[in-house]
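Chain residues, written in single-letter form:
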Amino acid sequence: MKTVLITGDENAVPAQYLNPIREAGIELACRKCHSPEEVEAFAKDADLVWMFGANPGLTGEVLRRLPKCKGIFRSGSGVDTLPCAEAKELGIEVLNTPESIAESVAEHAVTLLFALIRRVVHYDKGVRAGDWELPNGMNWHISGRTLGLVGYGRIARLVEQMVSGFRMKVLHYDPFVPDSMDLDELLKEADYVSLHCPLTDDTRGLIDARRLALMKPNALLVNTSRGPVVDEPALVDALKNGTIAGAALDVLCEEPPPKDHPLFALDNVILTPHIAAFSADFEKNFWTCSAQKIIAAKERWKSQRS
């Protein structure tokens, strides 16, 4: 089996994670490809095309011109930048490693939620400005409140575990989970809403003006999934008009955002630069899971041939 990494050269991945791949009898070549033409030339005889992050060179058209390709693999969680429709049509597997970052993303989502509830950023800025006698302004509480999870996969379930000590009532919406509740009903009932769904045609703009209006005026929204799951202009209006009370976002529709982004002018918003997946354990988890996924693909395809 031949695997090609198209988002970096040999130095992009620590050697201790590349070695097990080669020791498993997998031919591995690494090169940073910048265009469809480069990807096609480099991957024309590959069984598996591997990347981390987005690579604009891997298009649906290129995929059709890779006759040996059995799978495309993105280290990490989201596959919204991959040509998934063409892969499905061609019978090519789409692989990722959501397990490598799930715990870290869940931790970040909970951290953002608690920072919003306790107004941590607001009070930090006040103290630094010399204002110790800040108004209370505490409009929220954690324990005993209702948290709505939109998407109920690995990350959302970890969030549920993490908040269990706070006696929170947890609701969830996920069209692929049998006991999922209706999304509109969840938004009406939840005090806090955390988004954990992938970006697809069905989830793009899922949280729009109509759905924001369903939420409680004192509700808070956290997004660590993908920016376009939220209708951003509608969110800005909802935050300005008091439709909802606050938001914490690790992801935006445009990354990095323009310097004049309207969210920057709002003091009821916390923003982080798409870093939810990162922690002290990121590198070890990320690359170990990647190597394991590649080796497992080889074994699976070998067994399918025999």
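Residues numbered from 1 in each chain as written. Predicted model: local features only at pLDDT ≥ 70, side-chain atom pairs only at ≥ 80, totals over all residues. Heavy atoms only, no water.

Visitor: A description of the packing of helix H5 (residues 102–117) against helix H7 (residues 154–162) should follow, citing residues and the corresponding values.
Guide: H7 packs onto H5 with a crossing angle of 55° between their chain directions and a minimal axis gap of 8 Å. Viewed along their axes, H5 and H7 adopt a mutual orientation that is oblique. Our pair here, H5 against H7, has a crossing hand that is right-handed. Contact residues: H5 offers Ala102, Glu103, Val105, Ala106, Glu107, Ala109 and Val110, while H7 offers Arg154, Ile155, Leu158, Val159 and Met162. (Axes fitted to C-alpha atoms, helices over the stretch in contact; angles between N-to-C directions. Helix = DSSP H or I, 4+ residues; strand = E, 2+ residues; numbered from the N terminus. Parallel < 35°, antiparallel > 145°, perpendicular 65-115°, else oblique. Left-handed = near helix turned anticlockwise from the far one by under 90°. Contact = heavy atoms within 4.5 Å.)

Visitor: Describe in detail the packing of helix H1 (residues 15–23) against helix H11 (residues 282–305), supporting the description with residues and values.
Guide: At a closest axis distance of 9 Å, the pairing of H1 and H11 adopts a crossing angle of 10°. In terms of orientation, H1 and H11 fall into the roughly parallel class. Packed against H1, whose contacting residues are Tyr17, Pro20 and Ile21, the element H11 presents Glu283, Lys284, Trp287, Thr288, Ala291, Ile294 and Ile295 at the interface. Considered class by class, the residues forming the contact of H1 with H11 number seven nonpolar, one polar and two charged. (Nonpolar A, V, L, I, M, F, W, Y, C, P; charged D, E, K, R; others polar.)

Visitor: Tell me what's going on with the sheet that holds strand E11 (residues 269–271), and back it up with residues and numbers.
Guide: If you walk across this open sheet you meet the six strands as E7-E6-E8-E9-E10-E11, and the pairing is parallel. The sheet terminates laterally at strand E7 (169–173) and E11, the two strands that pair on one side only. With strand direction ignored, the average angle separating the axes of adjacent strands in the sheet is 15°. Note: strand E6 (residues 146–150) against E7, five bridges, orientation parallel. Bridge pairing links Thr146 to Lys169 in E7. With respect to the sheet, helix H10 (residues 232–241) is in contact with strand E9 (220–223), strand E10 (246–249) and E11, its orientation differing from that of E10 by roughly 140°. (Pairing = 2+ DSSP bridges.)

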